[in-house]
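Overview (structure and organization)
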Amino acid sequence: ALYNTTHQLIGNLVLNGIQLDVISSSLLKDCRVSSDRLHINDRTYEAMIYPYPEIVDPKAIEILSLLDKMEFPLFLGGSTPKWTTKSKKIPHKFSINFNPENKYLNELKENGVPRLFEMPDNAIGTLIQKSNEMLFLLHAKKPGLSYKGNVKYKDIEFRVQKSSKLSIYSSKRGKPVVKIF
């Protein structure tokens, strides 16, 4: 049941335009924290979503508590951790909890989890960054729906014509955005 619920949460995050990496909580033991970022290996994160953190490693609790005290966008889903893996009660009371079964994820949006980029209603999308090009991939959220409107990412903005299928747009530095698929 937990696997299915977590799988559904990941799908809902994607449908809401939130780019994510799925990582093991064991990586928190070796992360670095800066003034407004979480660094895990060679990746940098602006927010953290942790569904169902029932029992957590003591070192990970230190990191989670630090992030929470810094007011870093930290969202614990379903419940807050109560016990460490060493059977010790966790004293820290975490500030933001969310319902991972809510398909609209309002708590996340209202509290600063950034969307990867702005896209038309009824569209899901992702961005692939290459060394000299950015690819915007867009598709309708559900079969039978279509989408059209503006896409905006940092200083790149363009208009998408009505479509119900996969569309791929290419942006190369200094050149207009072009539809390539």
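The sections below set out a description of the structure shown in this document.

1. A few points about helix α2 (residues 58-69)
Look at α2: 16 Å from first C-alpha to last across 12 residues, which is about the 16 Å you get at 1.5 Å a residue. Taken together, the buried positions of α2 are occupied by Ala 60, Ile 61, Ile 63, Leu 64, Ser 65, Leu 67 and Asp 68. Residues of α2 that are buried sit in contact with β1 (32-33), β2 (38-40), β4 (48-51), β5 (55-56) and β6 (74-77). A positive phi of about 60° marks Glu 71, the residue just after α2.

2. Details of the sheet that holds strand β8 (residues 97-98)
With parallel pairing, 3 strands are arranged side by side in an open sheet as β4-β6-β8. A single partner strand is all that each edge strand has here, and the edge strands are β4 and β8. Relative to β6, β4 runs parallel, the two sharing 4 bridges. Across the sheet, the residue bridging to Tyr 50 is Leu 76, located in β6.

3. Examining a positive patch on the surface
A cluster of basic residues, Lys 103, Lys 109, Lys 141 and Lys 142, forms a positive patch at the surface. Topologically, Lys 103 is positioned in the loop between β8 and α3 (106-110). Exposure remark for Lys 103: the relative accessible area of 43% places this residue in the partly exposed category.

4. Things to note about the packing of aromatic side chains
In this structure the tally under the stated criterion is 4 aromatic pairs. Between Phe 136 and Tyr 153 the ring centres are 6.3 Å apart and the planes differ by 70°, which places this aromatic pair in the edge-to-face class. Of the two residues, Phe 136 sits in strand β10 (residues 134-140) while Tyr 153 sits in strand β11 (residues 147-153), which places them 17 residues apart along the sequence. Per residue, the accessibility class of Phe 136 equals that of Tyr 153, and both read buried. Plain terms: the ring middles of Phe 136 and Phe 158 are 5.2 Å apart, the flat faces sit at 70° to each other, and that makes the pair edge-to-face. Placement of Phe 136 in strand β10 and of Phe 158 in strand β12 (residues 156-163) is noted, with a sequence separation of 22 residues between them. Each member of the pair, Phe 136 as well as Phe 158, is classed as buried.

5. Concerning the sheet that holds β2
A sheet is described by the order of its strands in space; here 3 strands give the open sequence β1-β2-β3, paired in antiparallel fashion. The sheet is open, and its two edges are formed by β1 and β3 (43-45), each paired on a single side. Relative to β2, β1 is paired through 2 bridges, and the arrangement is antiparallel. Residue pairing for β2: Val 33 is matched across the bridge by Leu 38.

Conventions and cut-offs
- Residues numbered from 1 in each chain as written.
- Predicted model: local features only at pLDDT ≥ 70, side-chain atom pairs only at ≥ 80, totals over all residues.
- Heavy atoms only, no water.
- Helix = DSSP H or I, 4+ residues; strand = E, 2+ residues; numbered from the N terminus.
- Expected span 1.5 Å × (residues − 1).
- Buried < 20%, exposed > 50% of the residue type's maximum accessible area, 1.4 Å probe, protein only.
- Contact = heavy atoms within 4.5 Å.
- Pairing = 2+ DSSP bridges.
- Patch = residues over 30% accessible without salt bridge, like charges linked within 9 Å, V, L, I, M, F, W, Y side chains within 5 Å.
- Areas by Shrake-Rupley, 256 points an atom, 1.4 Å probe, with all protein chains shown as cover.
- Salt bridge = Lys/Arg side-chain N within 4 Å of Asp/Glu carboxyl O.
- Lys, Arg positive; Asp, Glu negative; His and termini not counted.
- Charge placed at Lys NZ, Arg CZ, Asp CG, Glu CD.
- Phe/Tyr/Trp six-rings, centres within 6.5 Å; stacked < 30°, edge-to-face > 60°.

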